[in-house]
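Residue-level structure breakdown
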Amino acid sequence: MKARKYELFARARRPRPMRAREILAWPAEAQFVFDAGTPPPAPPRVDEGDLLDAYSNAVVRAVETVGPSVLRIHPMLDDANVQGVGSGFVVAEGGIVLTNSHVVQGARRFVVITAEGRSLTARCVGDDPDTDLALLKIDQAVDLPLVRLGNSKALRRGQLVIAIGAPLGFEATVTTGVVSALGRSLRGERGRLIEDLIQTDAALNPGNSGGPLVASNGEVVGVATAVIAGYPGLCFAVAANTARFVIGELLAHGQVRRASIGVVAQQAPLPPLLARSTGVTQGYAVFVAQADPGGPAAKAGVRAGDLLVKAGERPLTGLDDLLRALDHACIDVPTPFTLIREGRLMSATITPRLRRRGG
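Description of the structure in this document. (Residues numbered from 1 in each chain as written. Predicted model: local features only at pLDDT ≥ 70, side-chain atom pairs only at ≥ 80, totals over all residues. Heavy atoms only, no water.)

**Quick notes on the overall build of the protein chain**
- When its secondary structure is counted, the protein chain shows seven helices and 20 strands.
- Buried residues in the protein chain amount to 42% of all 359 residues.
- Of all intrachain contacts in the protein chain linking residues separated by at least 6 positions in sequence, the fraction that spans at least 24 positions is 60%.
- Total accessible area computed for the protein chain in this model is approximately 20,800 Å², and 54% of it derives from carbon and sulfur atoms. (Helix = DSSP H or I, 4+ residues; strand = E, 2+ residues; numbered from the N terminus. Buried < 20%, exposed > 50% of the residue type's maximum accessible area, 1.4 Å probe, protein only. Contact = heavy atoms within 4.5 Å. Areas by Shrake-Rupley, 256 points an atom, 1.4 Å probe, with all protein chains shown as cover.)

Listed below in structure tokens is the structure:
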């Protein structure tokens with residue numbers, strides 16, 4: 001046993017033979033060509049001066065295209081101590097001018113001054129505070145150049161835009177920037193959300209409200225509407241696609257048609273236990289505080305205390321959702337609503353009516 005142990009010790013001390021390693025071999029006549037591919041051509045050198053010239057030329061062309069259509073708007077107010085000024089631009093034959101609703105508030109007649117310095121008078125033919133847009137019609141027979149409304153859905157973040165206004169003199173003021181964001185929302189004067197706004201860092205000067213936001217191709221893609229006080233880089237414009245719809249409604253009907261179901265309502269959280277028992281997954285609903293007697297909702301059996309959770313297939317998580325659901329397309333069209341009453345899920349078919357002016 002002892003001899004066996006010494007033999008194991010001796011074997012452990014003996015050096016181990018190195019393992020033969022496989023060596024790659026190739027014929028001596030073999031030639032290797034290491035090809036890294038054809039290098040891409042060097043990009044052409046662009047002079048910074050050329051870039052600035054191209055930028056300047058794009059802005060100048062846009063201003064020369066749209067500038068003659070931009071007007072200065074002075075409301076003719078009863079109180080001489082109150083002075084207001086805004087901008088607008090001609091969008092249709094016959095001297096139809098688009099501007100902001102907040103520019104025309106409190107006045108019935110207006111003085112408009114053209115880019116050439118001509119003073120004309122105008123009256124309001126349509127106003128939609130829910131989108132902060134309004135239409136004026138010039139009283140005199142004039143032939144003013146029209147703007148082209150572009151497709152605001154084609155805008156991209158980072159795209160060059162030019163804000164044009166006429167707040168101080170005959171010549172239009174111009175600022176430039178880029179599209180900072182799309183699809184923004186702001187609360188309007190009547191509490192309704194103004195949706196699909198364009199955010200830009202093109203500064204809006206005082207009096208530029210109602211002026212055009214222009215793309216480099218000379219098409220108007222927005223209507224300047226708001227500046228966030230204290231943040232000069234936060235400026236907003238109503239999208240051209242929204243403006244096109246509003247113009248059509250105001251010219252045809254004198255107002256933008258929207259629907260109403262005749263309720264006073266507010267957002268309310270759904271208690272988790274109630275949500276589970278009814279199979280509703282959303283966290284909020286629309287609480288009906290009052291149903292107008294004889295109104296569409298009351299006629300359909302909706303009562304105060306009900307929770308509206310759906311309009312058709314659209315979840316209702318707050319008043320904004322309800323207002324979006326009540327567009328002009330559902331006026332006089334029976335619409336199924338889902339509601340919760342006393343812990344039970346129910347349905348009611350409501351036929352929205354045309355919302356009254358100012359309602």
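**Side note on the sheet that holds strand β1 (residues 70–75)**
- Strand order in the closed barrel made by the six strands is β1-β2-β3-β6-β5-β4, with antiparallel pairing throughout. Taking each pair of neighbouring strands and ignoring which way they run, the sheet shows an average axis angle of 40 degrees.
- Here five bridges tie strand β4 (residues 109–113) to strand β5 (residues 119–128), and the two strands are oriented antiparallel to one another. Bridge assignment links Ile113 to a residue of β5, and that residue is Ser119.
- Running at roughly 55 degrees to strand β6 (residues 133–138), helix α4 (residues 240–253) makes contact with β2 (86–92), β3 (96–99), β5 and β6 of the sheet. (Pairing = 2+ DSSP bridges. Axes fitted to C-alpha atoms, helices over the stretch in contact; angles between N-to-C directions.)

**Looking at the pairing of β6**
- Burial within β6 is extensive, with five of its six residues counted as buried.
- Where β3 and β6 come together, four bridges link them in antiparallel fashion. Bridging from a neighbouring strand, Leu98 pairs with Leu135 of β6.
- Across six bridges, β5 lies against β6 in antiparallel orientation. Its bridge partner lying in β6, Asp127 is registered against Ala134.
- Joining the antiparallel neighbours β5 and β6 is a turn of four residues, in which Asp132 adopts a positive phi near 55 degrees.

**Here's the deal with unusual backbone geometry**
- Not every positive phi belongs to a glycine, and Asp196 is a case in point at roughly 55 degrees.
- One can find Asp196 in strand β9 (residues 193–200).
- On the accessibility criterion, Asp196 (25% relative accessible area) is partly exposed.
- The phi dihedral of Glu342 falls on the positive side, at around 50 degrees, and the residue is not glycine.
- You can see Glu342 is positioned in the loop between β18 (335–341) and β19 (344–350).
- According to the relative accessible area criterion, Glu342 is exposed, its value standing at 68%.

**Some points on the nonpolar core**
- Core analysis: the biggest nonpolar cluster contains 30 residues, and Val91 and Leu98 have the highest contact counts within it.
- Top contributing element to this core by residue count: helix α2 (residues 48–66), with five residues.
- Viewed by domain, this core spans two of them, domain 1 (65–138) and domain 2 (152–253), each represented by three or more residues.
- For Val91, the residues in contact, after removing those within four places along its chain, are Ile96, Leu98, Leu135, Leu146, Val147 and Ile247.
- If you look at the next biggest cluster of nonpolar residues, it comprises 19 residues, including Val286, Val288, Ala297 and Ala348. (Core = buried A, V, L, I, M, F, W, Y, C linked by side-chain atoms within 4.5 Å. Domains from an automatic or database assignment.)

**Considering the pattern of salt bridges**
- Following the criterion strictly, the structure yields eleven salt bridges and no others.
- Arg341 is the salt-bridge partner of Asp306, the closest N and O atoms lying 2.8 Å from each other. Placement of the pair is Asp306 in the loop between α6 (296–299) and β16 (307–311) and Arg341 in strand β18, with a sequence separation of 35 residues. When sorted by exposure, Asp306 lands in the same class as Arg341, which is buried.
- Three or more residues joined by partner-sharing salt bridges are found here, namely Asp128, Asp130, Arg258 and Arg355. (Salt bridge = Lys/Arg side-chain N within 4 Å of Asp/Glu carboxyl O.)

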